[in-house]
Amino acid sequence: MRIHLSSVFVDDQDKALRFYTEVLGFVKKTEVPLGEDRWLTVVSPEDPDGTELLLEPDGHPAVRPYKAALAEDGIPATSFAVDDVPTEFARLRGLGVRFTQEPLEMGPVTTAVLDDTCGNLIQIVHSA
């Protein structure tokens, strides 16, 4: 068994697609119209057949309070692995990304937390 799909709830699929592709560097994998929304996924260009991230609309009444509570408490919605957190932090900050946590070393793990502009905090992490 392996993880095939994970999702992050977004307030605007077009804005999310731009951020996750043009800023974070993922590539669009699937786009299927579903009424007003789409089944819209992105993947890492390093693993195009790997785990897909669904940019899921946050229209369900339970989702926005859930997202707001996570963000208010500083809890990331998901985590992405990077090779070097300080380097990725500098690259993303140079692109105007807002971070709620600068790189932090915790033993063998380094993390930073960013705002995805779609209502989520996202953690980037590297484990030694």
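An unreviewed UniProt entry annotates the protein as Catechol 2,3-dioxygenase-like lactoylglutathione lyase family enzyme originating from Streptomyces demainii.

Colleague: Just checking my understanding: could you explain the pairing of strand β5 (residues 78-81) for this structure?
Modeller: Along a regular strand, successive side chains alternate from one face of the sheet to the other. Burial along β5 is one-sided: T78 and F80 are buried, while S79 and A81, pointing the other way, are not. One ladder, built from 4 bridges, connects β5 with strand β8 (residues 121-127); its direction is parallel. Bridging across to β8, S79 finds its partner in Q123.

Colleague: Looking at this structure, I do not really get the sheet that holds β5. What am I missing?
Modeller: Sheets are built from strands paired through backbone hydrogen bonds, the pairs being either parallel or antiparallel. Strand order in this open sheet of 4 strands is β5-β8-β7-β6, and the pairing throughout is mixed. Both edges of this open sheet fall to β5 and β6 (99-106), since each of them pairs with a single strand only. Put simply, the sheet's adjacent strands are angled 20 degrees from each other on average, direction ignored.

Colleague: Any chance you could explain the packing of aromatic side chains here in plain terms?
Modeller: Where two aromatic rings form a pair, the distance of their centres and the angle of their planes describe that pair. Under the counting rule described, the total for this entry stands at 5 aromatic pairs. Consider the rings of Y20 and F80, whose centres lie 6.4 Å apart with planes at 85 degrees: the pair is edge-to-face. A residue pair is termed long-range when its members are at least 10 positions apart, and Y20 in helix α1 (residues 13-23) and F80 in strand β5 qualify at 60 residues. Accessibility expressed as a relative area gives 0% for Y20, which makes it buried.

Colleague: What am I meant to see in a nonpolar patch on the surface here?
Modeller: A cluster of nonpolar side chains, L5, V32, L34 and W39, forms an exposed patch at the surface whose accessible area comes to about 330 Å². A relative accessible area of 49% places L34 in the partly exposed class.

Colleague: Quick question: what am I supposed to make of the nonpolar core here?
Modeller: When a protein is soluble and globular, its nonpolar side chains tend to lie buried together. Y20, L24, L55, F99 and L114 are the most contacted members of the largest nonpolar core, which totals 25 residues. With 5 residues, α1 is the largest single contributor of residues to this core. With residues up to four places along the chain from it excluded, the contact list for L55 reads V8, V10, Q13, A16, L17, Y20, L40 and V42.

Colleague: Any chance you could explain helix α3 (residues 85-94) here in plain terms?
Modeller: Since the α-helix turns once every 3.6 residues, residues separated by three or four places project in the same direction. Regarding α3, the residues found buried are V85, E88, F89 and L92. Along the long axis of α3, the arc covered by the buried residues comes to 105 degrees, so they all point the same way. Exposed side of α3, more than 90 degrees from the buried face: T87 and G94 are the residues found there. Looking at the buried side of α3, the elements it contacts are α1, β6, β7 (109-115) and β8. For α3, the capping residue at the N-terminal end is D84, with a side-chain oxygen 2.8 Å from the backbone nitrogen of T87. Phi turns positive one or two residues past the end of α3, at G96, with a value near 90 degrees.

Criteria and thresholds
- Residues numbered from 1 in each chain as written.
- Predicted model: local features only at pLDDT ≥ 70, side-chain atom pairs only at ≥ 80, totals over all residues.
- Heavy atoms only, no water.
- Buried < 20%, exposed > 50% of the residue type's maximum accessible area, 1.4 Å probe, protein only.
- Helix = DSSP H or I, 4+ residues; strand = E, 2+ residues; numbered from the N terminus.
- Pairing = 2+ DSSP bridges.
- Axes fitted to C-alpha atoms, helices over the stretch in contact; angles between N-to-C directions.
- Phe/Tyr/Trp six-rings, centres within 6.5 Å; stacked < 30°, edge-to-face > 60°.
- Patch = residues over 30% accessible without salt bridge, like charges linked within 9 Å, V, L, I, M, F, W, Y side chains within 5 Å.
- Areas by Shrake-Rupley, 256 points an atom, 1.4 Å probe, with all protein chains shown as cover.
- Salt bridge = Lys/Arg side-chain N within 4 Å of Asp/Glu carboxyl O.
- Core = buried A, V, L, I, M, F, W, Y, C linked by side-chain atoms within 4.5 Å.
- Contact = heavy atoms within 4.5 Å.
- Arc of directions from axis to C-beta.
- Polar contact = N/O pair within 3.5 Å; in protein donor to acceptor, adjacent residues only side chain to side chain.

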